[in-house]
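What follows is each chain in one-letter form.
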Amino acid sequence: MYREKFRRRLPESLDELHGPTHGVVELPLHMAWSGMTSYDLGKPRQRIGLYRTVLHEGMHDDLPRYLNQDLLLHLWPVLHTLVGRTVRAVWEEAFPQLASRTRAAA
């Protein structure tokens, strides 16, 4: 049930992820309800924080808007250690290229 909640949110392909790669991103309250709402993508910690928040709280339509395929692939070796087990498993099962980046970085 919990896994299915995240699985339903996934894009069909990582190619759909056309979110920003630089600048300041403002998240709506349905995602950023527990803290920061503004993230500067030029700051590594804020970039990771944005992606972690969107992966956990973002709905299906949010993912292409706020996540960028190249940035997600670049961040995944670190990001996969910071997201919950369920989120990590759902994304790596759906997109094997994420899991392979994790193994390559090990």
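A brief report on the enclosed structure follows. (Residues numbered from 1 in each chain as written. Predicted model: local features only at pLDDT ≥ 70, side-chain atom pairs only at ≥ 80, totals over all residues. Heavy atoms only, no water.)

Overview of the overall build of the protein chain
Point 1. If you tally the helices and strands in the protein chain, you get six helices and two strands.
Point 2. If you list the helices and strands of the protein chain from N to C, you get α-β-β-α-α-α-α-α.
Point 3. Taking 13 Å as the expected radius of gyration for a compact globule of 106 residues, we find that the protein chain reaches 13 Å, a close match to that expectation.
Point 4. Dimensions along the principal axes, computed over C-alpha positions, put the protein chain at roughly 30 × 30 × 25 Å.
Point 5. The proportion of buried residues among the 106 residues of the protein chain is 42%.
Point 6. The contacts in the protein chain between residues at least 6 apart in sequence include a share of 64% that link residues at least 24 apart.
Point 7. Accessible surface computed for the protein chain: about 6,100 Å², of which carbon and sulfur atoms make up 53%.
Point 8. Considering the protein chain, the positive charge centre built from 14 side chains and the negative charge centre built from 12 side chains are found 9 Å apart. (Helix = DSSP H or I, 4+ residues; strand = E, 2+ residues; numbered from the N terminus. Rg over C-alpha atoms; globule rule 2.2 N^0.38 Å. Buried < 20%, exposed > 50% of the residue type's maximum accessible area, 1.4 Å probe, protein only. Contact = heavy atoms within 4.5 Å. Areas by Shrake-Rupley, 256 points an atom, 1.4 Å probe, with all protein chains shown as cover. Lys, Arg positive; Asp, Glu negative; His and termini not counted. Charge placed at Lys NZ, Arg CZ, Asp CG, Glu CD.)

So, the layout of surface pockets
Point 1. Put simply, the largest pocket is a space of about 160 Å³.
Point 2. Lining the largest pocket are Met-31, Ala-32, Trp-33, Ser-34, Gly-35, Met-36, Tyr-39, Gly-49, Arg-52, Thr-53, His-56 and Glu-57.
Point 3. For the lining of the largest pocket, a count of residues per class yields five nonpolar, five polar and two charged. (1 Å grid on protein atoms, 1.4 Å probe; cavity = no way out; pocket = protein on both sides within 12 Å on 5 of 7 lines; lining within 4 Å. Points joined across faces, edges and corners; volume = space filled by probe spheres on them. Nonpolar A, V, L, I, M, F, W, Y, C, P; charged D, E, K, R; others polar.)

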